[in-house]
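A closer look at the structure
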Amino acid sequence: VYKNIRKDYTEDKNALLFYRLRRRLEDITEFLYSIDNDNLTAPETANALRHINNECAALSKMLHRSFK
């Protein structure tokens, strides 16, 4: 959409990748913090661990695609 308005726009793929990777790492950090500090129940901890696993898998895929 932005490119339709600003014809001279070129996306910085490295910057976009950086922010997407950073966001994933922030999510992983928040889940880890929650497990460590929020006195979660066993099911809540299991759910947080599932989310961490999913984020790590997505992070791995992003890195693998980016550095081929």
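Above this text sits the structure in question.
Read on for a plain summary of the structure. (Residues numbered from 1 in each chain as written. Predicted model: local features only at pLDDT ≥ 70, side-chain atom pairs only at ≥ 80, totals over all residues. Heavy atoms only, no water.)

This brings us to the packing of aromatic side chains. The final tally for this structure, using the stated rule, is one aromatic pair. Consider the rings of Phe18 and Tyr19, whose centres lie 5.0 Å apart with planes at 80°: the pair is edge-to-face. (Phe/Tyr/Trp six-rings, centres within 6.5 Å; stacked < 30°, edge-to-face > 60°.)

We now examine the pattern of salt bridges. All chains considered together, the criterion is met by five salt bridges. In this structure, Arg6 engages Asp8 in a salt bridge whose closest nitrogen and oxygen atoms are separated by 3.7 Å. Overall, the relative accessible area of 39% leaves Arg6 in the partly exposed class. Among the residues examined, Asp8 registers a relative accessible area of 57% and is labelled exposed. Residues Glu11 and Lys13 are paired through a salt bridge, measuring 3.3 Å at the closest nitrogen-oxygen approach. For Lys13, a relative accessible area of 61% corresponds to the exposed category. (Salt bridge = Lys/Arg side-chain N within 4 Å of Asp/Glu carboxyl O. Buried < 20%, exposed > 50% of the residue type's maximum accessible area, 1.4 Å probe, protein only.)

Here helix H2 (residues 13-37) crosses helix H3 (residues 42-66) at 160°, and the two axes come no closer than 9 Å. By the criterion of interaxial angle, the relationship of H2 to H3 is roughly antiparallel. When the axes of H2 and H3 are compared, the crossing they make is left-handed. Between H2, through Leu17, Arg20, Leu21, Arg24, Leu25, Asp27, Ile28, Phe31, Leu32 and Ile35, and H3, the contact on the second element is made entirely by Thr45, Ala48, Leu49, His51, Ile52, Glu55, Cys56, Ala58, Leu59, Met62, Leu63 and Ser66. Considering only residue class, the contact of H2 with H3 consists of 15 nonpolar, three polar and four charged. (Axes fitted to C-alpha atoms, helices over the stretch in contact; angles between N-to-C directions. Helix = DSSP H or I, 4+ residues; strand = E, 2+ residues; numbered from the N terminus. Parallel < 35°, antiparallel > 145°, perpendicular 65-115°, else oblique. Left-handed = near helix turned anticlockwise from the far one by under 90°. Contact = heavy atoms within 4.5 Å. Nonpolar A, V, L, I, M, F, W, Y, C, P; charged D, E, K, R; others polar.)

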